[in-house]
Amino acid sequence: MIAKREAATMEQRFFGCAARLLCKSEGERKSRPAPLGRTVFWGARIFVLCIGAWFAPTAKAQVTAQRLVESAKEPHNWLMYSGDYSGHRFSALEQINTANASGLVPKWAYQTMAGGKFETTPLVVDGILYATGQDDRAFALDAKSGRPIWQYQRALPADIRPCCGRVNRGLAILGDKVFMGTLDSHVIALDSKTGNVIWDVTAVDYRKGYSFTLAPLVIHNLVIVGISGGEYGISGFIDAYDTATGERKWRFHTVPGPGEAGHETWEGDSWKTGGAPAWITGSYDPATNTTFWTTGNPSPSNRGIGRAGDNLYADTLLALDPDTGKMKWYFQFTKHDEYDYDATQVPVMIDQGEKHLIAQANRNGFFYLIDRTTGKLIFSNPYAKVTWSDSKDANGVPVARKEAAPTPEGNPVCPGAAGATNWMSPTYDPQTQLFYVTAREQCDVISTSPQPFEEGHAYYGSAYFPNDDTAPFWGALRAIDPLTGKLKWEVKHVSPTWSGVLSTAGGLVFSGDAEGNFMALDAATGKILWHFQCGASVYSSPMSFAIDGKQYVAVAAGSALFTFGLP
Amino acid sequence: MKNTARGFSAFANVSSSRIVLRFALGAALTLTATLPRCLRAQDKNPYAGDAKMAKLGEFQFRSNCAFCHGLGARGGGRGPDLTRAQKKHGNGDADMFRTINEGVPGTAMPPNGATQQGVGMTEEEIWQVITYIRSVQAKAPAQSIGNAAHGRELFYGSAACSTCHMIEGKGGRLGPDLTATGSARSTNYLVESVRNPSKRLAQGISEAMKEFSQEYETVKIVTADGTKLMGVVLNEDHFTLQMMDTRELVHSFEKEKLRSIEKSRESLMPVYDQKSLNDKDLQDVVAYLLAVGAQ
């Protein structure tokens, strides 16, 4: 390790240089932040110019709340799940680009040796990589060599029953702590230098079917998490904890209780087991101090009988005040959902002139563009095969087709049980101004089952079957113009995949497939420029970082975290 | 929330989930230990004959089992018909409990909790499912209505099944090995597969973590030097194709180097209509498959 003082000097050299070059866009930021695209674009330029002055690979300065807001100033780092608060999953690094991507080589792999899906997106802060793995493990690595610095393994109770794998998608960081939600429904803070537990709080009783799988989001001095468990008839919530102490500061109940607005959208007592988990990381607009979170299915997932009504705030985009948890507005994507169309896709903030928008390619097969100041829908347009809806209401919101509702005997529907996309992250590239998403073309036959509710037991009221008689299911990486919803290009996948997408200032998008390939594509055309066989399906969203002036791209697949770079 | 892959390949987590994990901090846990106490489970179904429990078991069955075994437990393209009195992996309560909880290594039957269909079951819920299966299963082993010995003759003789299919090490390689098929598929599926082979293509390789198994698709390729080959797809990804040609030679190609690839879901297996295999003979062939499968 380089001595602290020396490292600080190096950092000052880099940031001093960056700050001087950034002053133009800084000025613009005073009224309202410049469109993030432009800022990161400048950031990339500045990074390249300053890289010669910066050689410090060691962890030094702490991550402050301000650094999180200004993450565009340090594109060599990846400070949160989606890379920045906008949910873009865009890296401003451009060293790896369309001209040289074909020469990418693996640099190192870190093996968790764990089974099951490896869904993490690592963080990288000043040369140290922080990530999670299956079964609630966490680790810090030297991001250059892949060598572990510390490893944490949670001792999980034997009777946890997370619905969909013993997965975790990553950490959040602030100060000298990294934060993690656990499968037994705790939120914990680990010492970023040792992995020691600093605090550990119980959010809720896991035995009732609750769990955490998402990467938390830090805003100001709070760590924000949403709960999983929509398979168990839970009651969903989003929590904020004091990063210093673990004290809970607020809880937003995603199913309104008696007397609260929206309570009337639930039949009888169905709200008590209404589900509406919030299991994917939100985004945040510092200009308006609003954080955007999305929610999952009403419970039971595939059986609407007994919960007549819209079932707020299931399958909804929520605009919350991060300091209080108070809701500013909401937009519900799927009303009275009977298909398990979770809206748990990272909400992506896009700025277009004076328009401040949120784009989402929803699990229900529609692409939505929403005004993020008001929550009003601008348009919705299918980006994959859709049969559950063939009409829209006066506001342009897709309406369910009654004849497609699940029945005891089974009824075919598109998208099927896993959705047109799922939790894997999309990306927005401010240079191409395109939105890239992994689309799944899979239809299923869904049949209902009048399962009674029992606390802690599965409660989704359904079975589903693949539609055998049709062509095999497939998927595609799709590039969509977010302002029109129109398809720009697609690259077909041999079978539906669970890989997220990264875009970079090098004119590239990175994504994986179910056959284990990790690929670099030309962001403008979709041409595949490079690929690597990981040996197992990619169930994660890639990211990029730089150390010592060298750019890397990382992705988890199988039991390994792979890192690639130029020779 | 179903944030998971729930698809065809029940294999997905099977082998990996059996790995005992040891982490540097010394923590060790077993992924299959979703129900640790079940290893000491009682041998007798506590709910035997309880109609209410059978109903609850039906709900569990729908969520956790029906994807492969069909809505009424009558089997499908993936799992055996469970209404048969004779269960391949044991008829007793304890046998069925073990089969459900631990899966059957080497088959597509995954352990409880790793099916990727639903969230897994508690001990009580497994007994409910067993109660349900008991309530729908036949009272006695079905009388074989075909002549298995004659079926064997047809298989290796005039029906020429063995040109492409192997049973107990004898036969061809182009189609699936049928040694265990009789126990793993419903009778209806077997009949359908002979009469209409293209309706549902058989499944080939299932990769760990991959949701969908490769199917026995037909492929015709022309190599860069003009060589033409026809056969079945063994595996495929975006960049490569592995195939077996009709002479049972295995090839692997980089797709972009081929002059052409033509894939089809028209099975290479001929359609056996009444003329090529009448109902009686088909019954005999099915009887042979069932007899071999039961061994």
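Since the structure is predicted, the reported quantities are computational estimates derived from the model, not experimental observations.

Helix and strand counts for chain B stand at 8 helices and 9 strands. The buried share of chain B, taken over its 295 residues, is 45%. Partitioning the contacts of chain B with sequence separation of at least 6, the portion at a separation of at least 24 is 65%.

Further remarks concern helix α5 (residues 148-156) of chain B. Residues and elements named next belong to chain B. Burial in α5 covers these residues: Ala 148, Gly 151, Arg 152 and Phe 155. All buried residues of α5 lie within an arc of 100° about the axis, which places them on one face of the element. Packing partners of the buried residues in α5 comprise β3 (166-167) and α8 (279-294).

Residue and element names in this part refer to chain A. Counting buried positions along strand β19 (residues 348-352) gives 4 out of 5 residues, so the element sits mostly inside the fold. Pairing between β19 and strand β20 (residues 355-361): 5 bridges, direction antiparallel. Bridging across to β20, Ile 350 finds its partner in Leu 357. The hairpin formed by β19 and β20 contains 2 residues between the paired strands, and Gly 353 there has a positive phi angle of roughly 60°.

Another point: unusual backbone geometry. Residue and element names in this part refer to chain A. Cis geometry is adopted by the peptide bond preceding Pro 300, which originates at Ser 299 and carries an omega value of -5°. Of note, the amide linkage connecting Cys 414 to Pro 415 takes the cis form, showing an omega dihedral of -10°. Among the secondary structure elements, Pro 415 is positioned in the loop between β25 (411-413) and β26 (427-429). In this structure, Arg 89 is a non-glycine residue whose phi angle is positive, near 50°.

Residues and elements named next belong to chain B. Assigned domains within chain B: domain 1 (16-136), domain 2 (148-201 + 270-294) and domain 3 (218-264). Counting from both sides, the interface comprises 8 residues of domain 1 and, opposite them, 8 residues of domain 2. Grouping the constituent residues of the side of domain 1 that touches domain 2 by class yields 1 nonpolar, 4 polar and 3 charged.

Let us now look at the nonpolar core. Counting 145 residues, the largest nonpolar core has A:Leu171, A:Ala172, A:Ile173 and A:Ala557 as the members making the most contacts within it. The dominant element in this core, judged by the number of residues it contributes, is strand β37 (residues 550-557) of chain A, at 6 residues. Setting aside anything within four residues of it in sequence, one finds A:Ile173 in contact with A:Val63, A:Leu79, A:Leu123, A:Val125, A:Tyr130, A:Val178, A:Ser192 and A:Val218. In this structure, A:Ile446, B:Cys65, B:Ile130 and B:Ile133 belong to the second largest nonpolar core, which totals 35 residues.

Let's shift gears to the sheet that holds strand β6 (residues 148-153) of chain A. Residue and element names in this part refer to chain A. Pairing in this open sheet of 4 strands is antiparallel, and the strands run β3-β4-β5-β6 from one edge to the other. Where the open sheet ends on each side, the last strands, each with one partner, are β3 (123-125) and β6. Put simply, the sheet's adjacent strands are angled 15° from each other on average, direction ignored. For strand β4 (residues 128-133) and strand β5 (residues 137-142), the ladder comprises 6 bridges, and the chain directions are antiparallel. Bridged to Ala 131 within β5 is Phe 139.

Criteria and thresholds
- Residues numbered from 1 in each chain as written.
- Chains lettered and ligands numbered in written order.
- Predicted model: local features only at pLDDT ≥ 70, side-chain atom pairs only at ≥ 80, totals over all residues.
- Helix = DSSP H or I, 4+ residues; strand = E, 2+ residues; numbered from the N terminus.
- Buried ≥ 20, exposed ≤ 12 C-beta atoms within 10 Å, placed from the backbone.
- Contact = placed C-beta atoms within 7 Å.
- Arc of directions from axis to C-beta.
- Pairing = 2+ DSSP bridges.
- Domains from an automatic or database assignment.
- Nonpolar A, V, L, I, M, F, W, Y, C, P; charged D, E, K, R; others polar.
- Core = buried A, V, L, I, M, F, W, Y, C linked by C-beta atoms within 7 Å.
- Axes fitted to C-alpha atoms, helices over the stretch in contact; angles between N-to-C directions.

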